[in-house]
Amino acid sequence: AQKITQTQPGMFVQEKEAVTLDCTYDTSDPSYGLFWYKQPSSGEMIFLIYQGSYDQQNATEGRYSLNFQKARKSANLVISASQLGDSAMYFCAMRDINTGNQFYFGTGTSLTVIP
Amino acid sequence: NAGVTQTPKFRVLKTGQSMTLLCAQDMNHEYMYWYRQDPGMGLRLIHYSVGEGTTAKGEVPDGYNVSRLKKQNFLLGLESAAPSQTSVYFCASSFFPGTALSYNEQFFGPGTRLTVL
């Protein structure tokens, strides 16, 4: 069963606008961590933001915020004030804490920022 | 701190050849992972290790073997390479899981681009 689902293969956003990248997850572990990574065309995996399942507030890191809706099992990434350098692949991932041997990744969303 | 390093960065093999990819980390992480990345499929786990001397299968282990003789190194071997193993291979490492980011963050190497002809 798919643990992480990203339903948007590709997204476009106008420069300086905000964009939301969707991610839903599936786990029965009450304790888990959710991650977003950015992969630019150069190929490296860049950690963006983390949300723990017990965190009361949505995580924020600069222009990145995570819209965490626990009951809906969604962890959408919001990028505000998009920049041309935000054009990249974005991956959502999850780690179950109690059975935390593995990380599960979605298939990614390709974001293109239009000038 | 070098973080996670991978050797080599690029490699071209002929079908049937063997090779070993080396991953090294200097962060004293217990967990290490090997992934492959193919277009449209995200990252898929090949094998992982939860400590020195241990290994376990991931989602796509067939055709690969691994060894973790030292805590800082995790080797991925292809005994008889096939064109289907053409991919980008990423190594990663992390601490034992906990609730805080510092326990869970996974650090990635730069990747190895492997082509099997």
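To be clear, the structure that these remarks concern was listed above.
If you're wondering where the values come from, they're calculated on a predicted model, not measured in any experiment. (Residues numbered from 1 in each chain as written. Chains lettered and ligands numbered in written order. Predicted model: local features only at pLDDT ≥ 70, side-chain atom pairs only at ≥ 80, totals over all residues. Heavy atoms only, no water.)

Q: When you look at the layout of surface pockets in this model, what are you seeing that I'm missing?
A: Rolled over the atoms, a probe as big as a water molecule pinpoints where empty space is left. Of the volumes computed, that of the largest pocket is approximately 500 Å³. Lining the largest pocket we find 24 residues, and of these A:Q39, A:G43, B:Q37, B:V88 and B:R113 sit closest to its centre. Breaking the lining of the largest pocket down by element, the ones donating at least two residues are β10 (88-96) of chain A together with β9 (87-94) and β11 (112-116) of chain B. Here the lining of the largest pocket is built from residues that sort into 10 nonpolar, 11 polar and 3 charged. (1 Å grid on protein atoms, 1.4 Å probe; cavity = no way out; pocket = protein on both sides within 12 Å on 5 of 7 lines; lining within 4 Å. Points joined across faces, edges and corners; volume = space filled by probe spheres on them. Helix = DSSP H or I, 4+ residues; strand = E, 2+ residues; numbered from the N terminus. Nonpolar A, V, L, I, M, F, W, Y, C, P; charged D, E, K, R; others polar.)

Q: What am I meant to see in the interface of chain B and chain A here?
A: Facing 26 residues of chain B, the contacting portion of chain A comprises 19 residues. A buried area of about 1,800 Å², summed over both sides, lies between chain B and chain A, and 59% of it is on carbon and sulfur atoms. Of all residues in chain B, B:L43, B:L101 and B:N104 bury the most surface against chain A, accounting for 23% of the area lost on that side. For the interface between chain B and chain A, the tally reads 0 salt bridges. At the surface where chain B touches chain A, the tally comes to 4 residue pairs in polar contact (both at pLDDT 80 or more). Residues of the side of chain B that touches chain A, tallied by class, amount to 16 nonpolar, 8 polar and 2 charged. (Contact = heavy atoms within 4.5 Å. Buried area = accessible area lost by both parts, 1.4 Å probe. Salt bridge = Lys/Arg side-chain N within 4 Å of Asp/Glu carboxyl O. Polar contact = N/O pair within 3.5 Å; in protein donor to acceptor, adjacent residues only side chain to side chain.)

Q: Got a minute to help me understand the state of the cysteines in this structure?
A: In protein chemistry, a disulfide is the covalent bond that joins the sulfur atoms of two cysteines. Residue and element names in this part refer to chain A. The tally for this structure, following the rule as stated, stands at 2 disulfides over all chains. Between the sulfur atoms of C23 and its disulfide partner C92 the distance amounts to 2.0 Å. Sign of the S-S torsion, about -65 degrees for the bond between C23 and C92, identifies this disulfide as left-handed. Here C92 lies in strand β10 and C23 lies in the loop between β3 (19-21) and β4 (24-25), a separation of 69 residues in the sequence. Comparing C23 with C92 shows no difference in burial state: the two are buried. (Disulfide = S-S within 2.5 Å. Buried < 20%, exposed > 50% of the residue type's maximum accessible area, 1.4 Å probe, protein only.)

Q: What exactly am I supposed to notice about the sheet that holds strand β3 (residues 19-25) of chain B here?
A: Residues and elements named next belong to chain B. With antiparallel pairing, 4 strands are arranged side by side in an open sheet as β1-β3-β8-β7. The open sheet has two free edges, formed respectively by β1 (4-7) and β7 (65-67), since each of these has just one partner strand. The sheet shows a mean angle of 20 degrees between the axes of neighbouring strands, direction not considered. The sheet contact formed by β1 and β3 spans 4 bridges and is antiparallel. Bridge assignment links T5 to a residue of β3, and that residue is A24. (Pairing = 2+ DSSP bridges. Axes fitted to C-alpha atoms, helices over the stretch in contact; angles between N-to-C directions.)

Q: Explain the pairing of strand β8 (residues 64-69) of chain A to me, please; I cannot follow it from the model alone.
A: Consecutive side chains along a regular strand alternate between the two faces of the sheet. Residue and element names in this part refer to chain A. Of the two faces of β8, the one lined by Y64, L66 and F68 is fully buried and the one lined by S65, N67 and Q69 carries no buried residue. Counting the residues between successive antiparallel strands, the hairpin from strand β7 (residues 60-61) to β8 contains 2 residues, one of them, G62, with a positive phi of roughly 60 degrees. For β8 and strand β9 (residues 74-79), the ladder comprises 6 bridges, and the chain directions are antiparallel. Directly across from L66, in β9, lies its bridge partner L77. Adjacent in sequence and paired antiparallel, β8 and β9 are bridged by 4 residues, among which K73 carries a positive phi angle near 55 degrees.

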